[in-house]
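Residues per chain, in single letters:
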Amino acid sequence: MQQQNNICDFKSSDSWVILSPIEQSIKRKIEAVGTPLKDWDIQINYGIKTGFNDAFIISTEKRNEILANCKNADERQRTDELIRPILRGRDIKRYIYDWADVWLINTHNGIKGRLERIHIEDYPAVKAHLDQFWDKIKDRADQGDTPYNLRNCAYLEDFCKPKIVYPNMTKYMPFTYDEGAYLTNQKCFIITGELVAYLTAFLNSSLFKYCFRDSFPELQGGTRELSKIFFDKIPVLKVSSAIEQRFIEAVDDIQQSYTSQKAKAIDTMFFDLYNLTANECRIIGFIGIE
């Protein structure tokens, strides 16, 4: 403390972090040209809560068993469409996801005016499976009109849109871009809306981690909480459709086969976009999985 000190201004009510002069300079430079994410045309939402995952989240083996128990081809087809692949927080990595061959029995409660509630009587094989857990599902909090239904989810259709998926609690702050219409559980958030491929690249970049990692509270064991309220204040530079296309191509390439070289190339794209000096780029460096 006697050898080094920094002057900090605490006049505002915003959260603060102690930074060196060069760190303050880089952060101010990024914030000056960015638009807070709360002012973007994006939506950030939780994954789906079942109230009892053991009943509603099943393995591929159990899915195949349920399908085999369908009485005819029509029931089998409807059941096949009902059971959807799901990602969990632990499955999300930087630019990729490791799907664990797990599925959600998506007996949703419907969306008023858009989707009708799933009626369990139309899915006898699914009902027989859920009946094994009746004592657990009948009184759970997260249920819809019946114990067989999942509770209302107004943004259910957003899972079928291009989206960013990330865990709600994480040490490594990984984000992945999904066009595969995966559902997610309550241990994930999804982001839908404008420029989501570009945002995936930004959130995975060394620039984001260097400037904004401390905007997210650190919990026991180095885990950080990535709740929506902390994202709202993050300023990000909006880009043209031509620049967006470059990032779409880069994200598509790195998600097909991740390498640190490709991640560093995306970092360089952001360094150039924000007009950082060679010294600023050197100070930020490459932040891998930290």
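Since this is a predicted model, take the numbers as computed values, not measurements.

Participant: Which parts of the structure should I look at to understand helix α3 (residues 60–68)?
Facilitator: In an α-helix, one turn spans 3.6 residues; hence positions three or four apart end up facing the same way. Within α3, burial applies to Arg63, Ile66 and Leu67. Axial view of α3: buried residues confined to an arc of 100°, hence all on one face. In α3, the exposed positions that point more than 90 degrees away from the buried face belong to Glu61 and Ala68. Each element contacted by the buried residues of α3 is listed here: β3 (57–59), α4 (73–82), β4 (83–87), β5 (102–105) and α5 (124–131).

Participant: Whenever I open this one, the sheet that holds β4 confuses me. Can you help?
Facilitator: Whenever strands of a sheet pair, they do so through backbone hydrogen bonds, lying parallel or antiparallel. Pairing within the open sheet is mixed, and its four strands lie in the order β3-β5-β4-β9. The strands lining the two open edges of the sheet, one partner per strand, are β3 and β9 (183–184). For β4 and β5, the ladder comprises three bridges, and the chain directions are antiparallel. Residue pairing in the sheet places Arg84 in a bridge with Leu104 of β5. The strands touched by α4 within the sheet are β4 and β5, with β4 carrying the most contacts at an inclination of about 20°.

Participant: What's the story with the nonpolar core in this structure? I'm lost.
Facilitator: Soluble globular proteins: nonpolar side chains tend toward being buried together. Membership of the largest hydrophobic core comes to 47 residues, with the highest contact counts inside it found for Tyr198, Phe202, Leu207, Phe208, Phe231, Phe270 and Tyr274. At seven residues, helix α7 (residues 196–204) tops the list of elements feeding residues into this core. If sequence neighbours within four positions are ignored, Tyr198 has contacts with Trp40, Val236, Leu237, Val239, Phe247, Phe270, Leu273 and Tyr274. Ile83, Val102, Ile111 and Cys153 belong to the second largest nonpolar core, which has 35 residues in total.

Participant: How should I be thinking about the packing of α3 against α4 in this particular structure?
Facilitator: In helix packing, the relevant descriptors are the interaxial angle and the interaxial distance, both defined with respect to the helix axes. Where α3 meets α4, the axes come as close as 9 Å, and the angle between the chain directions of the two elements is 155°. By the angle class used here, α3 and α4 are roughly antiparallel. Between α3 and α4 lies a crossing of right-handed hand. Counted together, Arg63, Ile66, Leu67 and Ala68 of α3 and Arg76, Thr79 and Asp80 of α4 form the full contact between these two elements. Of the residues belonging to the contact of α3 with α4, the class tally is three nonpolar, one polar and three charged.

Procedures and definitions
Residues numbered from 1 in each chain as written. Predicted model: local features only at pLDDT ≥ 70, side-chain atom pairs only at ≥ 80, totals over all residues. Heavy atoms only, no water. Buried < 20%, exposed > 50% of the residue type's maximum accessible area, 1.4 Å probe, protein only. Helix = DSSP H or I, 4+ residues; strand = E, 2+ residues; numbered from the N terminus. Arc of directions from axis to C-beta. Contact = heavy atoms within 4.5 Å. Pairing = 2+ DSSP bridges. Axes fitted to C-alpha atoms, helices over the stretch in contact; angles between N-to-C directions. Core = buried A, V, L, I, M, F, W, Y, C linked by side-chain atoms within 4.5 Å. Parallel < 35°, antiparallel > 145°, perpendicular 65-115°, else oblique. Left-handed = near helix turned anticlockwise from the far one by under 90°. Nonpolar A, V, L, I, M, F, W, Y, C, P; charged D, E, K, R; others polar.

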